[in-house]
Amino acid sequence: MSDVTAASAWASVKGRATVNLSILFSELPLLERPAAAAALGFTAAELWWPFGTESTPGEAELDQLRKAFSDAGVRLTGLNFLDDLSVGAKGTASVPAESDRFRENIPVAVALAESLGAGALNAIYGNRVPDATAAEQDELALENLTRAAQAAHAIGAVLLIEALNRNDAPDYPLHTAAAAVEVVDRINAATGLGNAKFLLDLYHLAVNGEDLEAVIDTHADKVGHVQIADFPGRNEPGTGTLDLAGLLDRLTAAGYTGPIGLEYKPASGVSADSFEWLPRELRAAQAG
Ligand SMILES: O=C(O)C(=O)CO
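Conventions we followed
Residues numbered from 1 in each chain as written. Predicted model: local features only at pLDDT ≥ 70, side-chain atom pairs only at ≥ 80, totals over all residues. Heavy atoms only, no water. UniProt positions renumbered as here; feature names shortened; annotations may be inferred. Near = heavy atom within 4 Å. Polar contact = N/O pair within 3.5 Å; in protein donor to acceptor, adjacent residues only side chain to side chain. Areas by Shrake-Rupley, 256 points an atom, 1.4 Å probe, with all protein chains shown as cover. Nonpolar A, V, L, I, M, F, W, Y, C, P; charged D, E, K, R; others polar. Phe/Tyr/Trp six-rings, centres within 6.5 Å; stacked < 30°, edge-to-face > 60°. Helix = DSSP H or I, 4+ residues; strand = E, 2+ residues; numbered from the N terminus. Buried < 20%, exposed > 50% of the residue type's maximum accessible area, 1.4 Å probe, protein only. Contact = heavy atoms within 4.5 Å. Core = buried A, V, L, I, M, F, W, Y, C linked by side-chain atoms within 4.5 Å. Pairing = 2+ DSSP bridges. Axes fitted to C-alpha atoms, helices over the stretch in contact; angles between N-to-C directions.

In the annotation of an unreviewed UniProt entry, the protein chain is listed under the name Hydroxypyruvate isomerase and assigned to Kitasatospora viridis. The protein chain has a UniProt comment under Sequence similarities (unreviewed entry) that states "Belongs to the hyi family."

Participant: Whenever I open this one, the site of the ligand confuses me. Can you help?
Facilitator: Neighbouring the ligand are ten residues; Asn80, Glu162, His204, Arg234 and Glu263 lie closest to it. In this structure, an oxygen atom belonging to the ligand sits 3.1 Å away from a side-chain N or O atom of Asn80. At 3.1 Å from an oxygen atom of the ligand is found a side-chain nitrogen or oxygen belonging to Glu263. Taken by itself the ligand offers 230 Å² of open surface, and the protein chains cover 98% of this. Class assignment for the residues of the shell around the ligand results in three nonpolar, three polar and four charged.

Participant: When you look at the packing of aromatic side chains in this model, what are you seeing that I'm missing?
Facilitator: A ring pair, where both rings are aromatic, is described by two values, the distance of the centres and the angle of the planes. A complete count under the given rule lists seven aromatic pairs for this structure. On the basis of an interplanar angle of 70° and a centroid distance of 4.6 Å, the ring pair of Trp10 and Trp277 is categorised as edge-to-face. One end of the pair, Trp10, is in the loop between helix H1 (3-9) and strand E1 (17-20); the other, Trp277, is in the segment after strand E8 (260-262), with 267 residues separating them in the sequence. In this structure, Trp10 and Trp277 share a single accessibility class: buried.

Participant: Looking at this structure, I do not really get the UniProt feature "active site" (unreviewed entry) in the protein chain. What am I missing?
Facilitator: Here the UniProt-annotated "active site" (unreviewed entry) positions come out as Glu162 and Glu263. Spatial clustering of the annotated residues is evident: they stretch over 102 residues in sequence, but the largest pairwise C-alpha distance comes to 13.3 Å. Mapped onto the elements of the fold, Glu162 is located in strand E5 (residues 158-162). On the basis of relative accessible area, Glu162 is assigned to the buried category, the value being 3%. Filtering out sequence-adjacent residues up to four positions away, Glu162 remains in contact with Asn122, Ile124, Tyr172, Leu174, Ala180, Leu199, Asp201, His204, Gln227 and Glu263. Among the polar contacts made by the side chain of Glu162, one reaches the side chain of Asn122 at a distance of 3.1 Å. By the element assignment, Glu263 lies in the segment after E8. Among residues more than four places away in sequence, those in contact with Glu263 are Asn20, Ile23, Glu46, Trp48, Glu162, Asp201, Gln227, Ile228, Ala229 and Arg234.

Participant: Is there a simple way to think about the nonpolar core in this case?
Facilitator: In this structure, Phe81, Leu145, Phe198, Leu200 and Leu262 are the most contacted members of the largest nonpolar core, which totals 90 residues. Phe81 has contacts with Trp49, Phe102, Asn105, Ile106, Ala109, Val110, Leu121, Asn122, Ala123, Ala148 and Leu159, leaving out every residue within four places of it along the chain.

Participant: Honestly, the sheet that holds strand E6 (residues 196-201) in this entry has me stumped. Any pointers?
Facilitator: Hydrogen bonds between backbone atoms are what pair the strands of a sheet, whose relative direction is either parallel or antiparallel. As summarised here, the arrangement of the eight strands in space is E1-E2-E3-E4-E5-E6-E7-E8, forming a closed barrel in which the pairing is parallel. Averaged over all neighbouring strand pairs, the angle between strand axes comes to 30°, with direction disregarded. As judged from the three bridges shared by E1 and E8, these two strands associate in the parallel manner. The residue bridging Val19 from the neighbouring strand is Leu262, located in E8. Strand contacts of helix H9 (residues 244-253): E6, strand E7 (223-228) and E8, with the helix running at about 170° to E7, the strand carrying the most contacts.

The following block contains the structure:
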């Protein structure tokens with residue numbers, strides 16, 4: 001694709017790209033990743049919970065991360081709450097054994113997000129577990145996600161609820177856009193704040209066989225964030241079968257104009273080589 005064609009095809013990404021530094025640049029230590037992204041023209045990034053199973057990291061560790069972002073001139077746009085990906089789990093909000101750690105993580109994650117300018121916090125729902133019923137887990141999740149939404153609202157942020165793909169998260173209960181949006185609606189009904197939003201991860205829904213255009217047409221008004229990776233493979237745009245540029249144009253036309261998360265694995269294994277699809281002049285985030 002010529003540069004001119006690429007610039008027009010990806011025009012809807014201009015000023016909105018945010019690099020997920022938990023899946024990209026993972027070949028580097030965490031504290032080196034913001035500068036690596038900045039060297040390629042990006043000025044915004046997002047993170048899964050970056051401290052593994054530690055729900056309340058100390059100030060020194062938090063300051064090191066904050067310094068890595070500020071020194072690189074990169075703004076954090078989104079942060080996952082404690083989702084414990086380090087042990088393969090898919091979140092903690094609905095998991096009885098993890099609930100206390102999720103609750104103690106809320107103020108820490110929200111304060112870190114606020115200090116780095118993030119406007120979105122993502123609460124991965126948590127897997128179904130054998131020692132609790134679905135109803136018990138959903139009741140616990142509503143209590144925990146209500147607390148998270150209230151804390152996010154206090155810093156002017158949205159709380160995101162995400163569907164994950166069945167292959168990587170078979171025990172996760174939210175595999176469709178509708179299921180995630182139902183949780184969003186329950187949280188908003190409980191808080192009255194309206195800051196719970198749907199995280200539209202186009203890759204996860206593609207794996208699950210969802211009609212992505214229909215999802216956009218139906219749920220665009222509930223979308224608080226979007227993440228992209230091509231399918232199959234979860235690599236950069238152009239390596240799979242999705243018309244990601246067209247889907248982003250459709251989503252933008254439907255009213256979502258927020259950040260676009262680049263959440264993919266580099267096809268070559270080298271993150272710096274995985275951005276040729278996006279002309280450099282489209283990579284920097286708009287201020288604010
Ligand atoms: O686990 C994943 O793939 C995620 O998208 C977490 O945000």
